[in-house]
Structures are given as structure tokens and as C-alpha cells.
Amino acid sequence: MKKLFTVFIMFALTAGFCVYAQQFSPQEVKDHSIGEKAKYLAGSHVEKGNSDCITCHDGKVKVDDSETSINTACMNCHGDLPSVAESVAPKGEINPHKSHLGTINCTACHTGHTPSFVYCNNCHSFAELNIPFAGKKPQYKTFDVKDYAKAKPLFSEKYDLVIIGSGGAGYAAAITAKEAGAKVVVLEKMPIPGGNSQLSAGGTNAAWTKFQKLANITDSPENMFYDTMKGGSFKSDPKLVNILAFKSNDTIEWLSSYGINLSQVNAGGGASQPRFHAPAGGIAVGSYLINNMKRIAEEKNIEVRLNSKAVHLLINKNREVTGVLVEGKHSGLYLIQAKSVVLAAGGFSANAALVESLRPAFKGMTTSNQPGALGEGMALAADAGATLIDMNEIQIHPSVAVGSQILITEAVRGVGAILVNHEGNRFVDELTTRDKASAAILAQKGKTAYLIIDDDTVERLAQIKGYFHLGLVKSGNTIAELAKAINVPADNLAKTIERYNGFVAKNKDDDFGRKIMRQNFGHGSYHAIEVAPGVHYTMGGAYINTDAQVLDKDLKPIKNLYGAGEVTGGVHGTNRLGGNSTSEMITFGRIAGESAVKNAGVK
Ligand code: MEZ
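Residues numbered from 1 in each chain as written. Predicted model: local features only at pLDDT ≥ 70, side-chain atom pairs only at ≥ 80, totals over all residues. Heavy atoms only, no water.

Before going further, it helps to spend a moment on the pairing of strand S11 (residues 394–401). Consecutive side chains along a regular strand alternate between the two faces of the sheet. Judged by how many residues are buried, S11 sits mostly within the fold: 8 of 8 residues are covered. Across 6 bridges, the pairing between S11 and strand S15 (residues 526–538) is antiparallel. By the bridge assignment, Ile396 is partnered in S15 with Val535. (Buried < 20%, exposed > 50% of the residue type's maximum accessible area, 1.4 Å probe, protein only. Helix = DSSP H or I, 4+ residues; strand = E, 2+ residues; numbered from the N terminus. Pairing = 2+ DSSP bridges.)

Turning our eyes to something else, we now look at the site of the ligand. Every one of the 13 residues lining the ligand counts as a neighbour, but Gly202, Thr409, Glu410, His536 and Arg576 are closest to it. Here Gly202 contributes a backbone N or O atom positioned 2.7 Å from an oxygen atom of the ligand. Here an oxygen atom of the ligand sits 2.7 Å away from a polar atom, N or O, in the side chain of His536. When grouped by side-chain class, the residues that make up the shell around the ligand number 3 nonpolar, 7 polar and 3 charged. Three or more residues apiece are contributed to the shell around the ligand by two domains, here domain 2 (145–201 + 284–393 + 539–603) and domain 3 (396–535). (Near = heavy atom within 4 Å. Polar contact = N/O pair within 3.5 Å; in protein donor to acceptor, adjacent residues only side chain to side chain. Nonpolar A, V, L, I, M, F, W, Y, C, P; charged D, E, K, R; others polar. Domains from an automatic or database assignment.)

Now for the packing of helix H8 (residues 168–179) against helix H22 (residues 580–600). One can describe the packing of H8 onto H22 by two numbers: an axis separation of 7 Å at closest approach and a directional angle of 40°. Compared by their axis directions, H8 and H22 come out oblique. The way H8 lies across H22 gives a crossing that is right-handed. Along the contact surface, H8 presents Gly168, Ala169, Ala172, Ala173, Thr176 and Ala177, while H22 presents Met585, Ile586, Gly589, Arg590, Gly593, Glu594 and Val597. Here the contact of H8 with H22 is composed, by residue class, of 7 nonpolar, 4 polar and 2 charged. (Axes fitted to C-alpha atoms, helices over the stretch in contact; angles between N-to-C directions. Parallel < 35°, antiparallel > 145°, perpendicular 65-115°, else oblique. Left-handed = near helix turned anticlockwise from the far one by under 90°. Contact = heavy atoms within 4.5 Å.)

Now for the packing of helix H12 (residues 248–257) against H22. Close contact between H12 and H22 brings their axes to 10 Å; oriented N to C, the two are set at 85°. One element, H12, and the other, H22, form an angle in the roughly perpendicular class. Here Ser248, Asp250, Thr251, Trp254 and Leu255 of H12 lie close against H22, whose contacting residues are Ser583, Ile586, Thr587 and Arg590.

Moving on: helix H10 (residues 221–231). Within the sequence span of H10, burial applies to Pro221, Met224, Asp227, Thr228, Met229 and Gly231. Structurally, H10 contributes buried residues whose contacts are with strand S3 (204–205), helix H11 (238–246), H12 and H22. Phi for Ser233, located one or two positions after H10, is positive at around 55°.

Turning to the sheet that holds strand S16 (residues 541–543), a few remarks are in order. Strand pairs in the sheet, formed through backbone hydrogen bonds, run parallel or antiparallel to each other. Taken in spatial order, the 3 strands make up an open sheet running S10-S16-S19, and their pairing is mixed. Pairing within the sheet leaves two strands with one partner each, and these edge strands are strand S10 (388–389) and strand S19 (568–569).

What follows covers the pattern of salt bridges. Counting across every chain of the model gives 24 salt bridges. Ionic pairing is found between Glu376 and Lys309, a salt bridge with its closest N-O pair at 3.9 Å. Placement of Glu376 in helix H15 (residues 376–383) and of Lys309 in strand S7 (residues 308–315) is noted, with a sequence separation of 67 residues between them. Lys309 shares its class with Glu376; the two are buried. In this structure, the salt-bridge partner of Glu430 is Arg514, at a minimum N-O distance of 3.1 Å. Here Glu430, found in the loop between strand S12 (418–420) and helix H17 (434–442), pairs with Arg514, found in the loop between helix H21 (490–506) and S15; they are 84 residues apart in sequence, far enough to count as distant. Given the relative accessible area of 2%, Arg514 is considered buried. Here the salt bridges share partners, and the residues they tie into one network are Arg426, Glu430, Asp509 and Arg514. (Salt bridge = Lys/Arg side-chain N within 4 Å of Asp/Glu carboxyl O.)

Below is the structure:
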């Protein structure tokens with residue numbers, strides 16, 4: 001009898017496993033089947049004899065799209081990410097389980113039935129991070145809305161608000177809406193939350209804040225408004241810029257109310273005053289914001305569904321948005337009916353084909369963006385009848401480390417770095433707007449330049465230590481040694497630095513009119529990072545009004561549809577100022593959340 005029961009249990013488990021496995025090709029099923037030589041992680045677990053399907057799958061036929069239960073199972077055996085980070089020896093310089101992305105799912109890298117892939121290597125090139133059962137880099141393909149127009153959903157759910165995208169704008173909208181009592185779900189197509197916001201480096205622009213006052217910086221929302229309009233060639237919508245500037249202090253206060261303090265104020269390009277607000281010590285602002293917002297969302301029980309792609313907006317015959325068709329990694333297609341939908345799905349800098357079609361000159365350029373930044377939120381908006389504006393306004397950031405996707409934050413220049421060309425000469429105001437700085441670098445021999453810093457600069461900004469860690473920095477004890485290391489004429493470099501020190505002493509840059517210099521050189525060793533422009537931000541998108549409503553072709557609000565962050569257009573004109581993205585995402589994310597809640601009639 002006991003034997004019969006065991007056979008029954010094994011049959012039930014195998015059947016469950018097989019149903020789960022049906023989404024794989026026959027070859028893939030064979031590759032991870034019990035009794036076959038293991039090709040993937042699942043097979044190897046079984047082969048080792050210390051686990052079977054139920055150890056990971058908890059007897060469920062289907063796992064949830066966020067893969068929460070399966071990740072709990074991983075942690076039950078292996079420990080959570082911080083403890084794995086402690087126990088697994090770092091490979092070379094890099095500890096594979098410690099990252100600026102914070103605590104993420106084990107399954108973001110270690111997949112059971114398909115080739116595993118180190119998620120970090122979407123942006124980095126950590127050759128030393130060998131992962132068991134590794135395969136090729138996954139391709140994140142854009143969807144075509146038309147493919148889903150007639151799709152049959154499997155089931156349907158009801159929410160007050162669906163928020164598409166889990167970057168800063170999505171989180172800000174979700175936190176605001178949840179606090180107002182709404183039933184909210186956030187959809188994230190990638191295996192980790194945070195979107196591109198988590199890669200943001202330098203700071204969050206805000207004017208006349210308590211942190212500026214503490215640092216004796218006199219600024220005003222009027223200054224921020226003017227700088228933003230000027231930086232975008234006066235093509236931005238002044239009503240939106242007005243909101244950005246005049247609500248920026250409130251944004252800093254809102255963050256502070258959750259213990260998120262952007263207390264270090266640095267200088268950013270195109271800004272008349274230092275207003276780049278960063279965490280103390282100058283760590284990257286994006287991961288700090290996102291890791292904190294993840295924490296708040298967890299505390300407030302906000303549902304964030306990973307691996308869940310919004311593939312179509314549901315629109316009724318009155319052209320009102322009524323919900324979202326979702327494709328879950330495991331659930332397949334299903335519907336969420338919603339009273340309000342917030343688009344917070346980011347831009348398209350990682351969509352090389354789209355970038356090239358709009359700006360042929362950017363063909364083949366690297367990008368600082370995560371691989372999910374493909375512009376799908378804009379496609380959803382367009383399909384719902386939205387006006388997309390400024391789509392060909394694509395920003396290239398002047399300082400991406402050569403041969404990589406690693407952004408060298410503008411804050412490095414803000415705390416004192418200069419840019420020199422291969423002759424060792426300065427050639428631009430390092431803190432001009434990004435369009436001008438990028439154009440100046442592309443006009444130099446080799447289309448690259450060197451950021452020059454010394455030990456003092458390194459101490460001012462924690463992120464610079466990270467660039468050392470990533471092997472992006474060349475150093476010398478003297479100017480001559482550094483010049484040799486980067487192959488520029490030593491005499492020229494020495495003269496450039498001496499002349500610049502003279503400008504710092506009299507607080508006037510006679511050559512390029514740089515306004516904020518911060519430091520002279522001569523403190524300890526000298527260092528250089530070779531940089532070139534990379535596609536960084538897409539200024540265009542779904543046109544919104546000051547209530548974050550997405551506007552149709554007649555510039556009337558599309559009923560029930562809201563937008564915030566990079567998926568929208570209108571705030572940045574031809575060129576976004578550094579620091580205005582994280583500022584915009586929080587300010588407009590909150591507005592979108594408030595408006596969407598009001599629209600949903602949540603009491
Ligand atoms: O806003 C940005 O894009 C930003 C601050 C980038 C950076 O250089 O750090």
C-alpha cells in the first residue's frame with residue numbers, strides 16, 4: 001500500500017512537472033528530464049539526488065510570474081542573497097551576489113529549465129562570473145501590439161489602478177495611490193524591478209531645498225525653470241516645466257518623509273546653481289531611490305508583478321482605457337480591468353533599431369540603459385490614440401566609459417573633473433549641457449576624451465571608487481606618469497592643469513567659461529577615465545498635461561490614461577538637464593498617482 005502511495009505521489013509530481021514544462025521545446029524538456037544528462041540547473045538538482053521537482057515547485061503546476069515561491073525555495077536551501085554574498089567567495093574583484101541592484105530574485109540569473117545568464121552582464125562584461133549552466137545573453141524583443149489585438153485572455157482581474165513599469169515613476173505613483181486607499185498592481189516585464197531609474201547616477205534636481213540652504217547655495221524654482229527651458233532650447237512645455245521646478249522642493253521633502261535623504265548637493269551640467277541632490281557621500285542616486293522605494297512598497301503591501309508584460313491597452317468604443325492585457329511569464333495572457341492605467345514604462349534608449357531610425361548619426365553607439373528600455377510604453381500609448389511628441393529628441397550622454405555601457409556620472413565633472421582630448425588639452429566647458437559636451441567630444445580625434453581627476457575628487461564622490469573597482473581608471477603618481485599611462489603629451493597635460501588651477505584661483509574660466517569649478521588639482525595621485533558619448537535618454541513620448549493625463553491627437557485627455565517619467569514627452573524639449581529625470585519621475589509619478597486615484601473614485 002505504502003509503495004502504491006509513493007508511486008501515486010511520484011506520478012502526480014511528474015505530471016505537475018510535465019505540465020509546468022510544457023512551455024519548453026521537446027529538446028529542452030529532454031535536456032532537463034530526470035534520467036537525462038542535465039543541461040540545465042533543474043536537471044542537475046535532480047541528478048544530484050538531493051532534490052526533486054517539488055523541492056522547487058512546491059507541488060504547484062504553475063509558478064507565479066514573479067517567481068516568489070520558487071525563490072523562497074532557493075533561499076530555503078541556499079540562504080538569502082546577503083548571506084549568499086557573504087558565503088560565496090568573490091570571483092576576482094567582483095562579488096556576484098552583491099550589487100547596486102539590491103536584493104533581487106535568484107531566478108533573475110539562475111534559471112532552472114533554460115540557460116542561466118548573469119543579469120549584471122546585460123550592462124557589464126564580467127567575464128570572471130562563470131555561472132553554472134550558462135547560455136547566451138537573452139534577447140529582449142519588443143512586442144508588436146497588433147499581435148495581441150485578437151488574443152484570448154485566460155482570466156480576468158479587477159483593480160482600481162494598473163501601473164505599467166516599476167521604475168521611480170511607477171513606484172511614486174503606486175505609493176501615492178496605495179496610501180490613498182486604492183487597489184493597485186504594478187506590472188514589470190523584466191525579472192527585476194527598478195527599470196532604468198535604478199541606474200541613475202548623479203542626482204535629483206530640486207531648487208531652494210533645505211539641503212541647498214545648509215550648503216549655503218542660493219537657488220530658486222525660477223532659476224530651475226529657466227535653466228530647464230534653456231537647456232531644452234525653449235521647446236519644452238512651460239506648464240510642465242513649471243510643475244517640475246516649483247514642486248521640486250516638495251519632492252525632496254516627500255522623499256525625506258520616508259527617510260530617503262538626498263542631502264549632498266553637487267553641480268550638474270547646464271544648471272546655474274548646484275542642485276543635483278544625491279545621497280550622503282555621493283553614492284548613486286538611482287539605486288538608493290529604488291532600493292528604498294522597493295522597501296516602502298513592501299511595507300505597504302504593494303503588489304509588484306515581475307516578468308509581467310503589458311501588451312495591449314483595452315479601449316472601449318468611447319475610446320476610454322478600461323484595462324490592460326498582460327502576458328505573464330508563466331500565466332500567459334490575462335486581463336486586468338482597471339479604472340485608471342498609469343504608463344510609467346520608460347524610454348527607448350536600448351532599442352538600437354528605433355534610435356537609428358530616428359537619429360541615423362547614433363547608429364552603433366553604446367547605451368547607458370538597461371536592456372528593457374525598448375519604448376514599449378510609448379507603443380501602448382500610441383495605440384490608445386496618444387500624441388507622441390519630440391520622438392527624435394534623443395540624448396547622448398557625454399561620458400560613458402569607452403568600450404562599455406557604464407555611465408560615468410556627470411557628478412564627476414560637477415565635483416571637479418576636467419575633460420581633455422588626446423593632445424592633453426581642454427576643449428569644452430565640462431558643465432555645459434549634454435548635447436554640447438557630447439558634440440565637442442565627437443569632434444575630437446578618436447571621438448573620445450579623458451576625464452581627469454585627482455585623489456581629492458575621488459574622496460568627494462563615492463561612485464568614483466566604483467569605477468576603480470570596475471577597472472575603468474588609469475592612474476599616475478605625477479602628471480607625467482598619468483600622461484604616459486593614457487598616451488597624451490605630458491607637457492600639454494601639465495600646462496592644461498596649471499592653467500586650469502589658475503582659473504580656479506581667480507574663479508574665472510577664461511577659456512570656456514565654466515561657472516562651477518570646485519577644486520584645483522594637485523592633491524595626491526592623478527587619474528583618468530576615457531569616455532565617449534552613449535545613448536542615454538529619450539526626451540520624447542506620450543504628451544501629458546499638468547495632471548499627468550495622456551493627451552490624444554486633439555490634445556484632449558484620453559479617459560483613464562495617465563503617464564509619468566521617460567515614457568512621456570513635453571518636459572525636456574531638445575535636451576534634458578542632468579538630474580531632471582529622477583526629479584521628474586517622482587514629481588509626475590506622484591501627480592499621476594493622485595490623478596488616477598481621483599479618477600478611479602477611490603474614497
Ligand atoms: O539625470 C541624469 O541622466 C544623470 C544625473 C546622469 C549622470 O550623469 O549621473
